Amino acid sequence: MKYLFTILFFSLLIFANQSEAAIAFDATSTGTAASGTSITFSHTITSTTTNRILFVHSVGDSASGAITCTYNTVAMTEIANKPEGPQTFDLNYLADPATGANNVVCSRSGTAGEFLANAASYTGASQTGIPDAFTTASGTTSLTTSTTTIADNSWVILAGRAPGYDLVAGAN
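Residues numbered from 1 in each chain as written. Predicted model: local features only at pLDDT ≥ 70, side-chain atom pairs only at ≥ 80, totals over all residues. Heavy atoms only, no water.

**Q** Looking at this structure, I do not really get the nonpolar core. What am I missing?
**A** For soluble globular proteins, nonpolar side chains are generally found buried alongside one another. Val56, Tyr71, Met76, Val104 and Cys106 are the most contacted members of the largest nonpolar core, which has 16 residues in total. Of all the elements in the fold, those that place two or more residues in this core are strand S3 (38-45), strand S4 (53-61), strand S5 (67-71), strand S9 (100-108) and strand S10 (115-123). Apart from the residues lying within four places of it in its own chain, the contact partners of Tyr71 are His43, Ile45, Leu54, Met76, Leu94, Pro97, Ala98, Gly100, Asn102, Asn103 and Val104. If you look at the next biggest cluster of nonpolar residues, it comprises 12 residues, including Phe55, Tyr122, Ala125 and Ile130. (Core = buried A, V, L, I, M, F, W, Y, C linked by side-chain atoms within 4.5 Å. Buried < 20%, exposed > 50% of the residue type's maximum accessible area, 1.4 Å probe, protein only. Helix = DSSP H or I, 4+ residues; strand = E, 2+ residues; numbered from the N terminus. Contact = heavy atoms within 4.5 Å.)

Here it is, written out as structure tokens:
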């Protein structure tokens, strides 16, 4: 059985102020539900430095419709929502999230089915103009897409789901 998969690219910006630290990875976490309309899982932001950012990529089966996420009860901002076949892919962010262990809660409006989410936090990222650029693409086999960042020193990050496939980034 072939699965549809979607890849979302987006970039993080560092502050223009040269005295700020460069973008750095902080932590990841994952939540899954075999069935349901909500996921709750803990994500720990370990860094207490400034310019923190949190991204949550969620995927819901059964044409799950709108997906909303919060971190520490603060609403996250949606970057993209892409229905693709029997799934919906969603990408949200929160600038300057609280430090420490807090809950990520993702909810959807559609029917119950498999539901999963991944959270990743970073430091040294711009707190405005998020995202610098992003693109979405989908396919059932090989997939090529590109995005052009606007600001220097941006990071490009991949979020996607491809059950039964290995996701491999190219050299370019």
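What follows continues from the structure just given.
**Q** Hey, could you run me through the sheet that holds S9 in this one?
**A** Sheets are built from strands that pair by backbone hydrogen bonding, the pairs being arranged parallel or antiparallel. The 4 strands lie next to each other as S3-S9-S5-S6, forming an open sheet whose pairing is antiparallel. The sheet is open, and its two edges are formed by S3 and strand S6 (74-75), each paired on a single side. (Pairing = 2+ DSSP bridges.)

**Q** Before we go on, may I ask you to explain the sheet that holds S4 in this structure?
**A** Pairing within the open sheet is antiparallel, and its 5 strands lie in the order S2-S10-S4-S8-S7. Two strands bound the open sheet, and with one partner strand each, they are strand S2 (24-33) and strand S7 (77-84). Within the sheet, the average angular offset between the axes of one strand and its neighbour, ignoring direction, is 10 degrees. (Axes fitted to C-alpha atoms, helices over the stretch in contact; angles between N-to-C directions.)

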